[in-house]
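So you can see what is in the structure, the chains are spelled out below.
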Amino acid sequence: MAKRKKIALIGAGQIGGTLALLSGLRNLGDVVLFDIVEGMPQGKALDLQHLAPVFGLDFSITGTNNIADIKGADVCIVTSGLPRKPGMSRDDLVKTNADIIRTIGAGIKEHAQGAFVIVVTNPLDVMTQLMQKVTGFPTNMVVGMAGVLDTARYQAFLAQEAKVSITSVAATVLGGHGDDMVPVRSYTTCGGVPIEQVVAKDRLDAIEKRVRGAGGEIVALLKTGSAFYSPAASAISMAECYLNDKKKILPAAVSCNGEYGVKGIYLGLPVIIGAGGVEKIVEIELNDAERAALAKSADAVRSVVAIAGA
Ligand code: APR
């Protein structure tokens, strides 16, 4: 019998708890939920153990405050950190979350060698870069979750606008997970038709602006935290690509080594994720405006790298 996979969820807050729920519902494997707050991961794990019989699911989930319990994890999804508060930019969080990532990264290095690490903590690109630096894991095994979420937001708004199923909209958003992210209009289609032939230019401009600000829009509504259902779903979809060797093309924050003219930082690019982690960075042809926007986004990420010491 194949050995069950082990999923370590580091941070058991809003996203961490949702990750645990989705991991169980999608039968990813045995889940360990870790947090520094005593009792909280254990309480959430117990609650989820009681959900399993309702749906007839045989998942195992435990909560812990001991990082050593992630030992042997196949996948680590990291959400530990502080979320944004209203009026706070992702970058305001940088120093506090960098310290948390340093601590957690050391724990992953000690207990989960060989794991595929998906970082969700903001500011995303820089925290992912720092995680790779602290663990020393190969760059193909440390990725950041942002592009899947930003793309999903773009798809959702476009499908609403065009009044079609979200499954009819193919889109991609590249660049850093910040105000300078790059919705790639030239690769966005509706039923296979270029999006500019379906949605008017002024509406596309407005939708792309909304995509860039969607995280902040949710923060302003929630007032006490940031988005968690869709970030969790996005990270789970990336974990599934790795665990099931799907080789799906999706945007993720990856270590750039000259692709798209960017080097030495993590940035959101299209990649293939399979059993080898990030198996390939896919180079698509961008138009001049998109290429310039990606370069600007890379500059924005670089400015945060220095603050984080990544
Ligand atoms: N080790 C483990 N867990 C920690 C640590 C640490 N050193 N420091 C903080 N945490 C935990 C908190 O106790 C909390 O339970 O991280 C959890 C974060 O959960 P939430 O505050 O609910 O935040 P969440 O909405 O899940 O977002 C987490 O993802 O999207 C990003 O900006 C968001 O950086 C934030 C992260």
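Computed from a predicted structure; not experimentally measured.

**Thoughts on the pattern of salt bridges**
Evaluation of the coordinates by the stated rule reveals 14 salt bridges. Linking Arg102 and Asp99 is a salt bridge whose minimum nitrogen-to-oxygen distance equals 3.2 Å. Of the two residues, Arg102 and Asp99 are both situated in helix α3 (residues 94-111); the distance of 3 residues between them amounts to about one turn of the helix. As a salt-bridge pair, Lys247 and Glu279 come within 2.8 Å of each other at their nearest N and O atoms. One end of the pair, Lys247, is in the loop between α8 (229-243) and β12 (248-257); the other, Glu279, is in strand β14 (residues 277-281), with 32 residues separating them in the sequence. Residue classification places Glu279 among the partly exposed residues on the basis of a relative accessible area of 34%.

**As for helix α9 (residues 288-308)**
End to end, α9 covers 31 Å across 21 residues, agreeing with the expected 30 Å (1.5 Å per residue, within 8%). Where α9 is concerned, the buried positions are Glu290, Leu294, Ser297, Ala298, Val301, Val304, Val305 and Ala308. Buried residues along α9 cover an arc of 120 degrees about the axis, so they all sit on one side. Structural note: α9 exposes Asp288, Ala289, Lys296 and Ala306 on the side pointing more than 90 degrees away from its buried face. Packed against the buried residues of α9 are α3, α4 (124-135), β8 (173-174), β9 (182-183) and β13 (263-274). For α9, the N-terminal capping position is held by Asn287, with its side-chain oxygen 3.2 Å away from the main-chain nitrogen of Ala289. Looking one or two residues past α9, Gly309 carries a phi angle of roughly 70 degrees, positive in sign.

**Section: the environment of Leu174**
Inspection of the secondary structure assignment puts Leu174 in strand β8. Linking Leu174 and Val219, residues 45 residues apart in sequence, is a C-alpha distance of 22 Å. Discounting chain neighbours no more than four positions away, the residues touching Leu174 are Met181, Val182, Val184, Pro251, Gly268, Leu269, Pro270, Ile284 and Leu294.

**Details of the domain arrangement of the chain**
By domain assignment, the chain separates into domain 1 (6-144) and domain 2 (147-308). On a C-alpha basis, the centroid separation for the pair domain 1 and domain 2 is 22 Å. Between domain 1 and domain 2, the residue contacts involve 42 residues of the former and 42 residues of the latter. When the two sides are added together, the surface that domain 1 and domain 2 hide from each other amounts to roughly 3300 Å², 68% of it contributed by carbon and sulfur. On inspection of domain 1 and its partner domain 2, the count reaches 1 salt bridge. A salt bridge links Arg26 to Glu240, with the shortest nitrogen-to-oxygen separation between them at 2.6 Å. For the interface between domain 1 and domain 2, the tally reads 9 residue pairs in polar contact (both at pLDDT 80 or more). Elements supplying a minimum of two residues to the side of domain 1 that touches domain 2: α1 (14-25), β4 (75-78), α3, β5 (116-119), α4 and β6 (142-144). A total of 8 residues in the side of domain 1 that touches domain 2 trace back to one element, the largest contributor, which is α4. Residues of the side of domain 1 that touches domain 2, tallied by class, amount to 22 nonpolar, 11 polar and 9 charged.

Definitions and limits used
Residues numbered from 1 in each chain as written. Predicted model: local features only at pLDDT ≥ 70, side-chain atom pairs only at ≥ 80, totals over all residues. Heavy atoms only, no water. Salt bridge = Lys/Arg side-chain N within 4 Å of Asp/Glu carboxyl O. Helix = DSSP H or I, 4+ residues; strand = E, 2+ residues; numbered from the N terminus. Buried < 20%, exposed > 50% of the residue type's maximum accessible area, 1.4 Å probe, protein only. Expected span 1.5 Å × (residues − 1). Arc of directions from axis to C-beta. Contact = heavy atoms within 4.5 Å. Polar contact = N/O pair within 3.5 Å; in protein donor to acceptor, adjacent residues only side chain to side chain. Domains from an automatic or database assignment. Buried area = accessible area lost by both parts, 1.4 Å probe. Nonpolar A, V, L, I, M, F, W, Y, C, P; charged D, E, K, R; others polar.

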